[in-house]
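Chain residues, written in single-letter form:
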Amino acid sequence: MIEMKDVSKTYPNGVSALNEVNLSIEQGEFVYVVGPSGAGKSTLVGMMYREEKATGGSISINGVYLNKMKERKIPHLRRDIGVVYQDFKLLPRLTVYENIAFALEVIEETPKNIRRRVMEVLDLVNLKHKARHIPDELSGGEQQRVSIARAIVNHPKTVIADEPTGNLDPETSWEIMRIFEEINARGTTVIMATHSKDIVNTMKKRVIAVENGRIVRDEHRGEYGYEA
Amino acid sequence: MVELCAMSIEVNTVMKLRTVGRHIREGGKNIYRNGWMTVASIGAVTTTLLLVGIFVALMLNLNQMANNVEDDVEIRVLVDLTAQEDDIQKIEAKIRDITEISSLDFSSKEEELESLMETMGEDGKQWELFEQDNPLNDVFVVKTADPIDTFDVADEIATFDNVDEVTYGQQVVEKLLKFTKYARYIGIGLIVGLVFTAIFLISNTIKLTITARSKEIGIMKLVGATNSFIRWPFFIEGMLLGILGSLIPIGVTLGAYYYVYNNLREKINFSFVEIIPFDPLAWQLALILLAIGAFIGVWGSVMSVRKFLKV
């Protein structure tokens, strides 16, 4: 469960990205965050894993208050939340297998469990045959699947995706979306900032629309609501 | 079983052994992943340690010489010829009261004559005449714990009753002590300067490789790696760079020292100048270079990774 109360974010240069946002997301929900570029979507989702720090209000994830969190606890927060980025953020010199294993190495998982879990998620994203390749040898869609595999390998309760299909062609995007739906079906909360009108309007979920740093719309089975 | 449980709980709070192994593996991999940057870093360590090695070898020898000279510094207190047995005892008691002294030996006029005759060899025979009527003084030989105190102690003893004369080779000793003192300061200054230059060079070179990797560090942090988890492989890598960089300097300085010791020892051996033998010095030198190499490698590496950890 994610709760935001009166959350604001003002950057040091005076730009206000979010203005007293209130938001509550239950465990197991699938939520799209939509809105024009620069409206504050990325800031909103970025706050949930503390890439961005709120300057006002309070954010709690599963009972943990992020604004009171000590700097050195942040890595532990990020182990309980899977994050998928638009630019994949894979480690370029590690193989697909090693990239996913890294998320388990940081929690000092046993080698046996690491092997088992990595092969499991590789199977889920259909990339077992690419395990020994490095990211540069994969297509964009495949790289994104690797990054999703890495995000869920820890069994996080929440997966946050910041425009995961932003760099992908429509067909590949659907492939990615099916994986997210599969993850969500297993009880994981999925929060996704997106620009894709097609996806939002076809795969109907809760839609939160952000404009000028405020939530202007929050509806279940909502529409994208903007011209693509 | 209970023990096993207790162990696994304890291990959780520290770092698991396999994680240590992982860090060492990663650090080692980075050595060859970074290719030419590794070569550049090792080159920087090598160049500096070559200079440091030569200086340390010179310094150790200089130090040895200085110690020898200092050990040889002694105050000779000549007792008045007219002094009686209890006067001599009084002088001894007063000298013993001086806190700075480290040793005090008494040499009677008979012993003095004997040693004089010995040093004269054949010519000494004629001194036998004096055995009946010995013109020499009884002598106290005094050494101070710190040679620097020699002058003050000598001056003090000179004021005692029944002391005829106090000698310690005033001019020579003063000059020698000053020389060894400054030589030491200059040597230490040079080595410290060299080490810091090396650290600067290496941290800069490693910084180049880390700048290229700063994006990776950011990603690791976003995936939930703690700072120390990221830092350890860099620590290992820096240490390996330093150790690898110290191998050539160790080989070269030891080789050169072996050559110098065996070939030039005869030619430059003065009475008070003695080169330290190869055997103890070689190991000291190797250890010092290895330690300095590892230190600058680790320091340079850990310093340069620091600013990328704030993500």
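So, how was this worked out
Residues numbered from 1 in each chain as written. Chains lettered and ligands numbered in written order. Predicted model: local features only at pLDDT ≥ 70, side-chain atom pairs only at ≥ 80, totals over all residues. UniProt positions renumbered as here; feature names shortened; annotations may be inferred. Helix = DSSP H or I, 4+ residues; strand = E, 2+ residues; numbered from the N terminus. Buried ≥ 20, exposed ≤ 12 C-beta atoms within 10 Å, placed from the backbone. Contact = placed C-beta atoms within 7 Å. Pairing = 2+ DSSP bridges. pLDDT = per-residue confidence, 0-100. Axes fitted to C-alpha atoms, helices over the stretch in contact; angles between N-to-C directions. Parallel < 35°, antiparallel > 145°, perpendicular 65-115°, else oblique. Left-handed = near helix turned anticlockwise from the far one by under 90°. Nonpolar A, V, L, I, M, F, W, Y, C, P; charged D, E, K, R; others polar. Core = buried A, V, L, I, M, F, W, Y, C linked by C-beta atoms within 7 Å. Right-handed = clockwise from strand over helix to strand, strands pointing away. Expected span 1.5 Å × (residues − 1). Arc of directions from axis to C-beta.

For chain A, an unreviewed UniProt entry supplies the name Cell division ATP-binding protein FtsE and the organism Pontibacillus chungwhensis BH030062. In UniProt, chain A has this text filed under Function (unreviewed entry): "Part of the ABC transporter FtsEX involved in cellular division." The annotation that UniProt attaches to chain A under Sequence similarities (unreviewed entry) is "Belongs to the ABC transporter superfamily."

Novice: Would you take a moment to explain the overall build of chain A for this structure?
Specialist: The helix and strand tally for chain A stands at 7 helices and 10 strands. A buried classification covers 46% of the 228 residues belonging to chain A. Of the contacts made within chain A by residues no fewer than 6 positions apart, 68% connect residues no fewer than 24 positions apart.

Novice: What is the right way to look at the overall build of chain B in this model?
Specialist: Scanning chain B from N- to C-terminus turns up 9 helices and 4 strands. For chain B, the α and β elements follow one another from N to C terminus as α-α-α-β-α-β-α-β-α-β-α-α-α. Counting over 311 residues, chain B shows a buried share of 26%. When contacts within chain B are restricted to residue pairs at least 6 apart in sequence, long-range pairs at least 24 apart make up 88% of them.

Novice: What is the right way to read the interface of chain B and chain A from this model?
Specialist: Note: interface size is frequently given as the accessible area lost on complex formation between the parts. Listed per partner, the contact involves 14 residues of chain B and 14 residues of chain A. Of all the elements in the fold, those that place two or more residues in the side of chain B that touches chain A are helix H2 (17-33) and helix H7 (170-222) of chain B.

Novice: Would you explain the sheet that holds strand E5 (residues 64-65) of chain A in this entry?
Specialist: Two strands in a sheet stick together by hydrogen bonds in their backbones, pointing the same way (parallel) or opposite ways (antiparallel). Residues and elements named next belong to chain A. Pairing is antiparallel in the open sheet, where 4 strands are placed in the order E2-E1-E4-E5. Strands with a single pairing partner mark the edges of an open sheet, and in this sheet they are strand E2 (16-25) and E5. Note: strand E4 (residues 56-61) against E5, 2 bridges, orientation antiparallel. Among the inter-strand pairings, Ile 61 is bridged to a residue of E5, identified as Val 64.

Novice: Can you help me understand the confidence of the model for chain B in this one?
Specialist: Should the pLDDT be low somewhere, the predicted coordinates at that spot are not to be read in detail. All names here are of chain B. The pLDDT averaged across chain B works out to 79; a share of 89% of its residues lies at or above 70. The least confident element of chain B, judged by mean pLDDT, is helix H1 (residues 2-13) at 43; the most confident is helix H8 (residues 227-264) at 88. Throughout residues 1-12 the model reports pLDDT below 50, and contacts reaching past four residues in sequence, or to other chains, amount to 1 contact.

Novice: Sorry, what's going on with the packing of H8 of chain B against helix H9 (residues 278-306) of chain B here?
Specialist: Packed helix pairs are characterised by how far apart their axes lie and by the angle those axes make with each other. All names here are of chain B. Where H8 contacts H9, the axes come no closer than 7 Å and their chain directions differ by 150°. Classified by the angle between their axes, H8 and H9 sit roughly antiparallel to one another. H8 and H9 meet at a crossing whose hand is right-handed. Counted by class, the contact of H8 with H9 contains 24 nonpolar, 9 polar and 2 charged residues.

Novice: Teacher, can you tell me more about the nonpolar core here?
Specialist: If you look at soluble globular proteins, the nonpolar side chains tend to sit buried side by side. Ranked by size, the top nonpolar core spans 103 residues in total, and within it Val 33, Met 48, Ile 100, Ala 149, Ile 160 and Ile 191 of chain A carry the most contacts. The element contributing the most residues to this core is H8 of chain B, with 9 residues. Residues contacting Met 48 of chain A, with those up to four places away along its chain left out, are Ile 2, Ile 61, Ile 81, Ile 160 and Ile 191 of chain A. Listed in part, the 11 residues of the second largest apolar core include Val 79, Val 139, Val 153 and Val 163 of chain B.

Novice: Any chance you could explain the pairing of strand E7 (residues 158-162) of chain A here in plain terms?
Specialist: Note on strand geometry: in a regular strand, side chains alternate between the two faces of the sheet. Residue and element names in this part refer to chain A. Most of E7 sits inside the fold, with 5 of its 5 residues counted as buried. Judged by which residues are buried, E7 turns out to be covered on both faces: Thr 158, Ile 160 and Asp 162 on one side and Val 159 and Ala 161 on the other are all buried. Pairing analysis gives 4 bridges linking strand E6 (residues 81-84) to E7, with the strands arranged parallel. Residue Ile 81 lies in a different strand from E7, and its bridge partner there is Thr 158. With 5 bridges joining them, E7 and strand E8 (residues 189-193) adopt parallel strand pairing. Across the sheet, Ala 161 pairs through a bridge with Met 192, a residue of E8. In terms of handedness, the path from E7 via helix H6 (residues 170-185) over to E8 forms a crossover that is right-handed.

Novice: Which parts of the structure should I look at to understand helix H1 (residues 41-48) of chain A?
Specialist: An α-helical turn contains 3.6 residues, so any two residues separated by three or four positions project in the same direction. All names here are of chain A. Burial of H1 is extensive: 6 of the 8 residues sit out of reach of the surface. For H1, the full list of buried residues reads Lys 41, Thr 43, Leu 44, Val 45, Met 47 and Met 48. Just past H1, the residue Arg 50 takes up positive phi, approximately 65°.

Novice: How should helix H4 (residues 111-124) of chain A be read in this particular structure?
Specialist: Residues and elements named next belong to chain A. Taking 1.5 Å of rise per residue, 14 residues should cover 20 Å, and H4 covers 20 Å from first to last C-alpha, within 8% of that figure. If you check which residues of H4 are buried, you get Ile 114, Arg 117, Val 118, Val 121 and Leu 122. Down the axis of H4, the buried set is contained in an arc of 135°. They therefore lie on one face. Away from its buried face by more than 90 degrees, H4 exposes Lys 112, Asn 113, Arg 116 and Asp 123. Along its buried surface, H4 packs onto helix H3 (96-105) and helix H5 (140-152). Residue Asn 126 follows H4 closely and has a positive phi angle near 65°.

Novice: Just to check I follow, could you spell out the packing of H5 of chain A against H6 of chain A for this structure?
Specialist: All names here are of chain A. Following both chains from N to C, one finds H5 and H6 inclined at 15°, their axes separated by 9 Å at the closest point. It follows from the interaxial angle that H5 and H6 lie roughly parallel. Note that H5 runs across H6; the crossing there is right-handed. Residues Gly 140, Gly 141, Gln 144, Arg 145, Ile 148 and Ile 152 of H5 lie in contact with H6, whose contacting residues are Thr 172, Glu 175, Ile 176, Ile 179 and Ile 183. Partitioned by chemical class, the residues of the contact of H5 with H6 number 5 nonpolar, 4 polar and 2 charged.

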